[in-house]
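# Survey of secondary and tertiary structure
Listed here are the chains, written in short residue letters.
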Amino acid sequence: PHLDSERFVARPLRRGVRVLGGTILGRVGPRIEATRSHLLFEIRPAGRRTPRIDPKPILDGWKLLESTALYRAKGATPFFGEDAETPTVGQILLMGQDALERRVLANPQIELYGCGREDIRAGAIDRRVLATMEYLAASGLKPTITSLRCGHGRLTASGNVSHHSTGDAMDIAAINGIPVVGHQGRGSITETAVRRLLDLQGTMRPSQIISLMAFDGAPNTTAMGDHHDHIHVGWQPLYSARGRRHSRRVDATLRPAQWIKLIDRLGEIDNPSVRLKPSKSSVRVRRPN
């Protein structure tokens, strides 16, 4: 983009200098004939022949955390302390399994059937399902859940293994007390809920959103006639049934506060000094003629 030269002072950079966030490094000039102006930005780890790292996923992650109001540039985080009782949608999506189970079971904005509550208490429901319930409720779309793991067959009508059987799916029969049956199509409460679900990204993105509607550009939405009375939301299983009990350990490996400490610690580590000349103990190798 065009930069107004009056808004910044250009100074030469030297190798190894620390650059503050927000610093303008330069500008990309216009395209000249067949030459395409571009900026090469990559992370180069220390060491010989180490692979270059594409920084885009890291930068995208920082932008996402900034947009969720979780970790700000000032270092403040509302994830703990006074604001912990009223987490933002972004914070809800990052909660651990135990915290989500407690919140869902105690949330009056989420209507659950009795057997489904037992599934959640038993730890049989994936955290993505629980987080999405809270996500919808926090978005003003109070879901009525009528099927989790219990009460649903192992196979689907087409003969495939159902995501319900592994605790990776839920059926929503009503939104804000309005039943899905008879309220599908353009402008309906069901369309609003599905479009809100389509905002989920990354590992939170459902692999299946089945109703009577399919949306252009959203291959995870499917229209099926036997889903006239509910929205099916499912995810690909992350763990096998045998390894389900280990998922809590994986989710709890590092807490948000520990991630902050880890990132701060990594920032304190200086690049190692690498010798440019052979040491005194090195053995000279003669090249063959």
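Look above for the structure.
These numbers come from a predicted model, not from an experiment.

Each value, and the rule that gives it
- Residues numbered from 1 in each chain as written.
- Predicted model: local features only at pLDDT ≥ 70, side-chain atom pairs only at ≥ 80, totals over all residues.
- Heavy atoms only, no water.
- Helix = DSSP H or I, 4+ residues; strand = E, 2+ residues; numbered from the N terminus.
- Buried < 20%, exposed > 50% of the residue type's maximum accessible area, 1.4 Å probe, protein only.
- Contact = heavy atoms within 4.5 Å.
- Areas by Shrake-Rupley, 256 points an atom, 1.4 Å probe, with all protein chains shown as cover.
- Disulfide = S-S within 2.5 Å.
- Patch = residues over 30% accessible without salt bridge, like charges linked within 9 Å, V, L, I, M, F, W, Y side chains within 5 Å.
- Salt bridge = Lys/Arg side-chain N within 4 Å of Asp/Glu carboxyl O.
- Core = buried A, V, L, I, M, F, W, Y, C linked by side-chain atoms within 4.5 Å.
- Axes fitted to C-alpha atoms, helices over the stretch in contact; angles between N-to-C directions.
- Parallel < 35°, antiparallel > 145°, perpendicular 65-115°, else oblique.
- Left-handed = near helix turned anticlockwise from the far one by under 90°.
- Nonpolar A, V, L, I, M, F, W, Y, C, P; charged D, E, K, R; others polar.
- Arc of directions from axis to C-beta.
- Polar contact = N/O pair within 3.5 Å; in protein donor to acceptor, adjacent residues only side chain to side chain.

## Quick word on the overall build of the protein chain
For the protein chain, the count of helices and strands is 8 helices and 7 strands. Looking at the protein chain as a whole, 32% of its 289 residues are labelled buried. Partitioning the contacts of the protein chain with sequence separation of at least 6, the portion at a separation of at least 24 is 56%. A total accessible area of about 20,500 Å² is found for the protein chain, and carbon and sulfur atoms account for 54% of it.

## Some thoughts on the state of the cysteines
In total, this model carries 1 disulfide according to the counting rule given. In this model, Cys115 is linked to Cys150 through a disulfide, with the two sulfur atoms separated by 1.9 Å. Here Cys150 lies in the loop between strand E2 (143–147) and strand E3 (169–175) and Cys115 lies in helix H4 (residues 114–121), a separation of 35 residues in the sequence. Its relative accessible area of 36% is what places Cys115 among the partly exposed residues. A residue is classified by how much of its surface remains accessible, and Cys150, at 15% relative accessible area, is buried.

## Description of a nonpolar patch on the surface
Among the surface-exposed residues, Leu13, Val17, Val19 and Leu25 lie close enough to one another that they form a single nonpolar patch of about 370 Å² accessible area. With a relative accessible area of 43%, Val19 lands in the partly exposed category.

## Side note on the nonpolar core
Among the nonpolar cores identified, the biggest contains 38 residues, and Leu112, Met133, Ile145, Leu148, Met170, Ile172 and Ile231 are the most heavily contacted of them. Sorting the residues of this core by element identifies helix H2 (89–93), helix H3 (97–106), helix H5 (127–138), E3, helix H6 (189–197) and strand E7 (231–234) as the ones contributing at least two each. Ranked by residues supplied to this core, first place goes to H5 with 7 residues. What Leu148 contacts, discounting residues up to four positions off in sequence, is Leu112, Tyr113, Gly116, Asp119, Ile120, Ile125, Val129, Met133, His164, Ala169 and Met170.

## Brief notes about the packing of H3 against H5
For the pair H3 and H5, interaxial distance at closest approach is 9 Å and the crossing angle is 45°. Viewed along their axes, H3 and H5 adopt a mutual orientation that is oblique. The element H3 and its partner H5 pack so that their crossing is left-handed. On H5, the residues that touch Gln97, Leu100, Glu101, Arg103 and Val104 of H3 are Arg127, Leu130, Ala131, Met133 and Glu134. Counted by class, the contact of H3 with H5 contains 5 nonpolar, 1 polar and 4 charged residues.

## Observations concerning the pattern of salt bridges
Summed over the entire model, instances satisfying the criterion amount to 6 salt bridges. The salt bridge partner of Arg128 is Asp126, with a shortest N-O separation of 2.8 Å. For the pair formed by Arg128 and Asp126, the shared burial category is buried.

## Comments concerning H4
Every buried residue belonging to H4 is among Gly116, Asp119 and Ile120, and all of these are buried. Looking straight down H4, one finds its buried side chains confined to an arc of 95°; they lie on one side. One or two residues past the end of H4 sits Gly123, with phi positive at roughly 75°.

## Here's the deal with the environment of Cys150
For the pair Cys150 and Gly167, spaced 17 residues apart in sequence, the C-alpha to C-alpha distance is 8.9 Å. Setting aside residues up to four positions removed in sequence, Cys150 forms contacts with Tyr113, Cys115, Gly116 and Asp119.

## A short note on the environment of Arg128
Residue placement: Arg128 occurs in helix H5. As for Arg128 and Leu94, which are separated by 34 residues in sequence, their C-alpha atoms are 9.6 Å apart. At 3.1 Å, the side chain of Arg128 forms a polar contact with the side chain of Asp168.

## Thoughts on the environment of Thr144
Topologically, Thr144 is positioned in strand E2. Residue Thr144 is classed as buried on the basis of its relative accessible area of 13%. Put simply, Thr144 and Val180 are 36 residues apart on the chain and 9.9 Å apart in space, counted from C-alpha to C-alpha. Apart from residues lying up to four places away in sequence, Thr144 is in contact with Glu111, Asp171, Ile172, Ala173 and Ala174.

## A word on the packing of H3 against H4
Helix packing for two helices is described by the angle between their axes and how far apart those axes are. Viewed as axis vectors pointing N to C, H3 and H4 meet at an angle of 160°, and their least axial separation amounts to 10 Å. Of the possible angle classes, the one that applies to H3 and H4 is roughly antiparallel. Crossing geometry of H3 relative to H4 is assigned as left-handed. Together, Glu101, Val104 and Leu105 of H3 and Arg117, Ile120 and Arg121 of H4 make up the contact between the two elements.

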